Amino acid sequence: MSNNNSNDYSAKNINVLKGLEAVRKRPAMYIGDVSTRGLHHLINEVVDNSIDEALAGYNDRVIVTLNTDGSVTVEDRGRGIPVDMHPIEKKSALEVVMTVLHAGGKFDKSSYKVSGGLHGVGVSVVNALSEWLKVEVRRDNKIYFQEYRKGVPVENVKQIGTYKGDHTGTKVTFLPDKTIFKNTKFNFDTVAERMRELAYLNKDVTMILKDERDGAEETFRFKGGLIDFVKYLDEQRNPLHKPIYFEAEKDNTPIEIAFEYSDSFSENVHTYVNNINTIEGGTHLVGFRTALTRTFNNYAYKNGLIKENNKITLTGDDFREGLTAVISVKVMEPQFEGQTKTKLGNSEVKSIVETIVGEKLSEYLEENPSVARKIIEKSLKAAEAREAARKARELVRRKNALDSLHLPGKLADCSINDPEHCEIYIVEGDSAGGSAKQGRDRRFQAILPIKGKILNVEKAKLNKILENQEIQAMIAAIGAGIGEDFDPSKARYGKIILMTDADVDGSHIRTLLLTFFYRHMKELITLGKVFIAQPPLYKIKKGKEEVFAFDDDELDQVLKRFKADSKSKSKQEVSEQEVETDEEGHPKGIVITRYKGLGEMNPEQLWNTTMNPETRTVLQVNLESAAAADKIFETLMGDAVEPRREFIEKHAKYANLDV
Ligand code: 0RA
């Protein structure tokens, strides 16, 4: 019998060695990759185990130390990995957890462990990929220890001391294997980011990060949990109200949600399952959205916030604008789907979240009518914009303007047919349009002049603006449709460059154009295809030399240089004599022209300064700057006088739109 046992024992050992070998042979299968990401995943794996102890109610702190020798220590106050003999393996449970693949999971089933994905592969994977690893366990007032090389135990688990008090816990120190990882240097900020996130998600846990290499140290502890998380995410936005927070449990599935609306237009929702960021969303997110739409709509109708004659119904999309939310659920047996295995598949979670959010949000809205009103008013605005876009689409479709065969008459198209290499300048004013048409490289540059007339529709609603001929011409020229039918792959140009005058009217038009792209061709912005041309503000002429300056600072620099040139020249010619200057101190013979509009530049100048891809500067528009334009548009063009005045005073520099 004992013979059999020892055979079993060596057979198990062979399996252990095979397991470790598999991990070392194909590390990417277990930790994603062997780049910096994979390297940091080692820390995450151990930290996640410590957090699991916290979720089970046994741990209140995790200390991560980046050591000077390149190793890292993760220490917690959990129960400590069990050390008793494993009845089948015939060795310490600690050794089993550290050396057998997937044995790291909790033995009791009633915990929110993680399955699938890169998480929860077990500490044995960290061990296998470490040059060495040392583990110290505090349990029953005894300190146990074991050390490994590339996952293989150096000797059996042994007791190395005793301790007083009741702090059980686990301390793991490991040095990543240089033969596996391209770079084994840990990055403080990368580790800090995950620890901060975990501290927000687990409000009772203190996360401490120490860097022995430079003495840096940070402690993350957020008593407000998800509420603090949402505030942090919205730091740069203006919230419309205090975060709304729910915490509840149904069918052994605890859920925690915090959210708020800000005056921004983007949606900013983060979802987690068992502390893992489910970037692809899933059933918890669907449940949340469904409840949000239904509950807000019910409340709005019941309280007369949506009028009978107003045909608008609020859709899910309308409740997403300006929403910042964090959803955290704990699921016993999570099913992860999707390309990156970060989409929750458990269908029961949808109805659990939906029910809880429905109940709690109705309660909240009854108790906070002014917040309810603000959120619904914001959603109504979103709905109006959506409706306006739909009408405009129909209108454009009726006129057949979507058909790129019917290109607008004012468009001077380019000759080559490859969108990748083509660009369209949308130019304010017919005279500037004329210069641009003559100055351009007609092979790849198209020009669409638009009239400042758009400005006359200042007070009109968005649908009126979309009925505007100039905007229809843009839709047709770009050729990718509009709104829901919009297909950026059909765009006829790879770059869309807005070129407007550097005066107040010009910035209004640019704001309006940006708002239009933001609302109706958003993907062009996210794809980085919308740009703003940078025409010069000044021409400085001295003798035959002609230089352009794009702002006042540059003008100063040019003048300084011209002055210095004159001085050194005159010193050679006429010694001791200072160069003559005018009353402003500018050397005489220098002519400064301030361009009031693009039309003042001749075609050649326009090409040289603003359109030649070799020498020009164009500013790429991002979603934030476009959203800022959208906000400016609403405030400037809306009916309320007071906010408009306030806004202009507060954001004088944005009114000029220095995007
Ligand atoms: C297996 C079983 C139990 C806890 C752990 C492993 C455990 C692993 C790690 C890794 C880092 N810190 C950890 N803390 C605990 C359950 C222990 C029990 O039932 O007493």
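Further up the page is the structure itself.
Note that the structure is a prediction, hence the values are computed from the model and not measured.

(A) Up close: the site of the ligand. Taken together, 10 residues surround the ligand, and among them Asn-49, Glu-53, Asp-76, Ile-81 and Arg-139 come closest. Between the ligand and Arg-79 there is a distance of 3.5 Å, counted from an oxygen atom to a side-chain nitrogen or oxygen. Considering the ligand on its own, with 460 Å² of exposed area, one finds that the protein chains cover 90% of that surface. It is helix α3 (residues 36–55) that provides the largest number of residues to the shell around the ligand, a total of three residues. Grouping the constituent residues of the shell around the ligand by class yields two nonpolar, three polar and five charged.

(B) Layout of the state of the cysteines. Counted according to the given criterion, the structure contains zero disulfides. Summary of cysteine pairing: Cys-414 is not part of a disulfide, and the nearest cysteine sulfur, belonging to Cys-422, is at 3.5 Å. Classification of Cys-414 as buried rests on a relative accessible area of 11%. On the basis of relative accessible area, Cys-422 is assigned to the buried category, the value being 3%.

(C) Local environment of the pairing of strand β4 (residues 142–149). Burial runs high along β4: six of the eight residues are buried. Bridge count between strand β3 (residues 130–139) and β4: eight bridges; the pairing is antiparallel. Of the residues in β4, the one forming a bridge with Leu-133 is Tyr-148. Counting the residues in the hairpin turn of β3 and β4 gives two residues, including Asp-140, whose phi is positive at 50°. Relative to strand β6 (residues 158–162), β4 is paired through four bridges, and the arrangement is antiparallel. Directly across from Phe-145, in β6, lies its bridge partner Lys-158. Sheet topology places β4 next to strand β5 (residues 152–153); two bridges connect them, and they run antiparallel. Each residue of the ladder has a partner; that of Arg-149, found in β5, is Val-152.

(D) Structural view of the nonpolar core. The biggest cluster of nonpolar side chains holds 60 residues, and the ones touching the most others in it are Ile-43, Val-47, Val-64, Met-98, Phe-174 and Met-207. Looking at this core, the element that brings in the most residues is helix α6 (residues 188–201), giving eight residues. Counting 42 residues, the second largest nonpolar core, distinct from the first, contains Leu-285, Leu-305, Ala-325 and Ala-372.

(E) View of the sheet that holds strand β21 (residues 538–542). Strand order in the open sheet made by the three strands is β22-β21-β23, with antiparallel pairing throughout. The open sheet has two free edges, formed respectively by β22 (545–549) and β23 (590–594), since each of these has just one partner strand. The average undirected angle you get between the axes of adjacent strands in this sheet is 20°. Note that β21 and β23 share five bridges and pair antiparallel. Bridge pairing in β23 places Tyr-538 opposite Arg-594.

About the criteria used
Residues numbered from 1 in each chain as written. Predicted model: local features only at pLDDT ≥ 70, side-chain atom pairs only at ≥ 80, totals over all residues. Heavy atoms only, no water. Near = heavy atom within 4 Å. Polar contact = N/O pair within 3.5 Å; in protein donor to acceptor, adjacent residues only side chain to side chain. Areas by Shrake-Rupley, 256 points an atom, 1.4 Å probe, with all protein chains shown as cover. Helix = DSSP H or I, 4+ residues; strand = E, 2+ residues; numbered from the N terminus. Nonpolar A, V, L, I, M, F, W, Y, C, P; charged D, E, K, R; others polar. Disulfide = S-S within 2.5 Å. Buried < 20%, exposed > 50% of the residue type's maximum accessible area, 1.4 Å probe, protein only. Pairing = 2+ DSSP bridges. Core = buried A, V, L, I, M, F, W, Y, C linked by side-chain atoms within 4.5 Å. Axes fitted to C-alpha atoms, helices over the stretch in contact; angles between N-to-C directions.

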